[in-house]
Amino acid sequence: QMIIKEKEYQIYYADGGSEHKKKTKGVMLLIKRRIIDEKNVTVEIDKQGRWIMAKMEGRLDKPIVLMGIYAPNNQTERKRWMKKVGEKMKKRNRL
């Protein structure tokens, strides 16, 4: 069991919202506050709760981009979905 101390970590999350009644989707990024400057974090989320992307600048030597994903279970659907996510990342030039 992992206990999260909110004072030590910044939490960014994406969920399916009210449009998905089952609330089965969701991803989260948990980042130590001491390594980021919260004012210099750009977050982009998927409205369906399948991915979250965060670009962090500030206290680090170089900006970094983290992405959390929750891919579909069906193999055919997953391949199509991963291609779409890859295209979004290229299009946005990683935020």
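These notes cover the structure that comes with them. (Residues numbered from 1 in each chain as written. Predicted model: local features only at pLDDT ≥ 70, side-chain atom pairs only at ≥ 80, totals over all residues. Heavy atoms only, no water.)

So, on to the side chain of R50. Checked against the element boundaries, R50 lands in the loop between β3 (41-45) and β4 (51-56). Of the buried charged residues, R50 lacks a salt bridge, with E77 as the closest side chain of opposite charge at 4.8 Å. Sequence-distant contacts of R50, that is, excluding residues within four places in its chain, are made with K25, V27, G68, I69, Y70, A71, P72 and W81. (Helix = DSSP H or I, 4+ residues; strand = E, 2+ residues; numbered from the N terminus. Buried < 20%, exposed > 50% of the residue type's maximum accessible area, 1.4 Å probe, protein only. Lys, Arg positive; Asp, Glu negative; His and termini not counted. Salt bridge = Lys/Arg side-chain N within 4 Å of Asp/Glu carboxyl O. Contact = heavy atoms within 4.5 Å.)

As a further point, take the pattern of salt bridges. Enumeration according to the criterion identifies 2 salt bridges in this entry. Residues K32 and E8 are paired through a salt bridge, measuring 3.3 Å at the closest nitrogen-oxygen approach. Here K32, found in strand β2 (residues 26-32), pairs with E8, found in the segment before β1 (9-15); they are 24 residues apart in sequence, far enough to count as distant. Accessibility expressed as a relative area gives 26% for K32, which makes it partly exposed.

Read from one edge to the other, the open sheet built from 3 strands follows the order β3-β4-β5, with strand pairing classed as antiparallel. Edge positions in the sheet fall to β3 and β5 (64-69), since each has one partner strand and no second. For this sheet, the mean inter-axis angle between neighbouring strands, taken without regard to orientation, is 15 degrees. In terms of strand pairing, β3 meets β4 through 5 bridges, oriented antiparallel. Looking at β4, one finds that I45 is bridged to I52. (Pairing = 2+ DSSP bridges. Axes fitted to C-alpha atoms, helices over the stretch in contact; angles between N-to-C directions.)

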